[in-house]
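One letter stands for each residue in the lines below.
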Amino acid sequence: MVSPMLRNVSEQGRAQLLLGIADDELILGWRDSEWTGVAPFLEEDVAFSSIAQNEIGHARALYELAARDLGTTADELAFDRRPAEYRCAQLVELRLPGWEHTIARHCLYEAADAERLARLIASDDPEVAGLAAKIDREEAYHRMHADMWFDRLSGEPRFQAALEELRPLATAIADPELRNGHTPDLAELLEVMTEVRRSQPPGTTW
Amino acid sequence: MTATIWEVFRQERKGQAFQHAGSIEAPDERFADWYAREQYGRRGESAALWIVPRDAVHPIEDFVDELNRNYHRVDGYPLKEKLKEARERAGTSAAAPDGS
């Protein structure tokens, strides 16, 4: 399943493609970071917080490339758009009820993201291919992490139920054509995420 | 979670001795591997890691030097005091290198 948007990066508007991925990474990173300090045990708290931070780092790199094409800045793209302008998939937006759902999302996202990154690495745009390869080197750790949790929880009915519940939303990660509107959870998240930035007049230097 | 404590040893550069880096808590070897990489390895700070379950470490702490046999020490033992005493008995001095 190769989406037309990803098949020919240069013709389809590179910035829009990058924004979709950047938004996924930023919003998922933000959701994952909600586990900081409250993960099931301390080592996992450190691990999952690190994964969250990696995702936000990937978002920054992608926003920077998109910002160059659009004549704006990464911060403005990340924080100053209206909720409807975000291009993220619904899977990353959801405020999930528990650890089994979080790991289910993590597994589904990493699998779809690997597929997406493989296509970007094969892109004929050297900047996109280079950035995707760089991101993929870090995502390899995320996939290892997702795989070990998948194997550990695979016998748990609650984990299986969470996987089945979220699986339909995962197809939109690798295929932007399937993205169709946002959940109410996104507006709520953006409200909190941009609160500090909005507290000062536009153009404030932080 | 039934957690095991794993001791992590870190080699900073190839060929150097491994040194104890710290410990982590993990349910099995696979988790221990990931957490050890995350905390001690993936930012170029280590050439290699050893991860050992703490239970596999046999500790020895009860050292008693019963007879004060410090000549058993592999780093040798100090001769300075003994030489001084011997020279005093012989009436010679280390400060007279011309042998007078």
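K.L.:
Explain the sheet that holds strand β3 (residues 48–53) of chain B to me, please; I cannot follow it from the model alone.
P.N.:
One key point about sheets: their strands pair by backbone hydrogen bonds, in either a parallel or an antiparallel sense. Residues and elements named next belong to chain B. The strand order across the open sheet formed by 3 strands is β2-β1-β3, and the pairing between neighbours is antiparallel. Every interior strand has two partners, whereas the edge strands, β2 (19–26) and β3, have only one. Each strand of the sheet is rotated relative to its neighbour by a mean of 30°, with strand direction disregarded. In terms of strand pairing, strand β1 (residues 4–11) meets β2 through 7 bridges, oriented antiparallel. Bridge assignment links Glu7 to a residue of β2, and that residue is Ser23.

K.L.:
Looking at this structure, how should I read the confidence of the model for chain B?
P.N.:
A low pLDDT means the predicted coordinates there should not be read in detail. Residues and elements named next belong to chain B. Scored by pLDDT, chain B has a mean of 86; 83% of the residues are at 70 or more. Of all the helices and strands in chain B, helix α2 (residues 80–90) carries the lowest mean pLDDT, 88, while β3 carries the highest, 97. Predicted complex, confidence summary: ipTM 0.82, pTM 0.82.

K.L.:
Hey, could you run me through the interface of chain B and chain A in this one?
P.N.:
Interfaces are often described in size by the accessible area the parts lose on coming together. Residue-level contacts link 12 residues of chain B with 10 residues of chain A. Looking at the side of chain B that touches chain A, the elements with two or more residues in it are β2 and α1 (29–41) of chain B. In terms of residue count, α1 of chain B provides more of the side of chain B that touches chain A than any other element does, 6 residues in total. Classifying every residue of the side of chain B that touches chain A by side-chain character gives 7 nonpolar, 1 polar and 4 charged.

K.L.:
Sorry, what's going on with the nonpolar core here?
P.N.:
A general feature of soluble globular proteins is that nonpolar side chains tend to end up buried together. Residues Leu18, Ala22, Leu62, Tyr63, Ala66, Leu91 and Ile173 of chain A are the most contacted members of the largest nonpolar core, which totals 45 residues. Broken down by secondary-structure element, the contributors of at least two residues to this core are α2 (14–33), α3 (42–70), α4 (74–79), α5 (90–93), α6 (99–121), α7 (126–153), α8 (157–174) and α9 (184–193) of chain A. With residues up to four places along the chain from it excluded, the contact list for Tyr63 of chain A reads Ala22, Ala74, Leu77 and Ala78 of chain A. By size, the runner-up hydrophobic cluster in this structure holds 13 residues, among which are Ala21, Ala26, Tyr35 and Ala36 of chain B.

K.L.:
In this structure, what is going on with the packing of α6 of chain A against α8 of chain A? I would like to understand it.
P.N.:
All names here are of chain A. Viewed as axis vectors pointing N to C, α6 and α8 meet at an angle of 30°, and their least axial separation amounts to 8 Å. Both α6 and α8 take part in a crossing whose hand is right-handed. Across from Glu100, His101, Ile103, Ala104, Arg105, Leu108, Tyr109, Ala112, Asp113, Glu115 and Arg116 in α6, the residues of α8 making contact are Arg158, Phe159, Ala162, Leu163, Leu166, Arg167, Ala170, Ile173 and Ala174. Among the residues making up the contact of α6 with α8, the classes are represented as 12 nonpolar, 1 polar and 7 charged.

Reading the values: the criteria
Residues numbered from 1 in each chain as written. Chains lettered and ligands numbered in written order. Predicted model: local features only at pLDDT ≥ 70, side-chain atom pairs only at ≥ 80, totals over all residues. Pairing = 2+ DSSP bridges. Helix = DSSP H or I, 4+ residues; strand = E, 2+ residues; numbered from the N terminus. Axes fitted to C-alpha atoms, helices over the stretch in contact; angles between N-to-C directions. pLDDT = per-residue confidence, 0-100. Contact = placed C-beta atoms within 7 Å. Nonpolar A, V, L, I, M, F, W, Y, C, P; charged D, E, K, R; others polar. Core = buried A, V, L, I, M, F, W, Y, C linked by C-beta atoms within 7 Å. Buried ≥ 20, exposed ≤ 12 C-beta atoms within 10 Å, placed from the backbone. Left-handed = near helix turned anticlockwise from the far one by under 90°.

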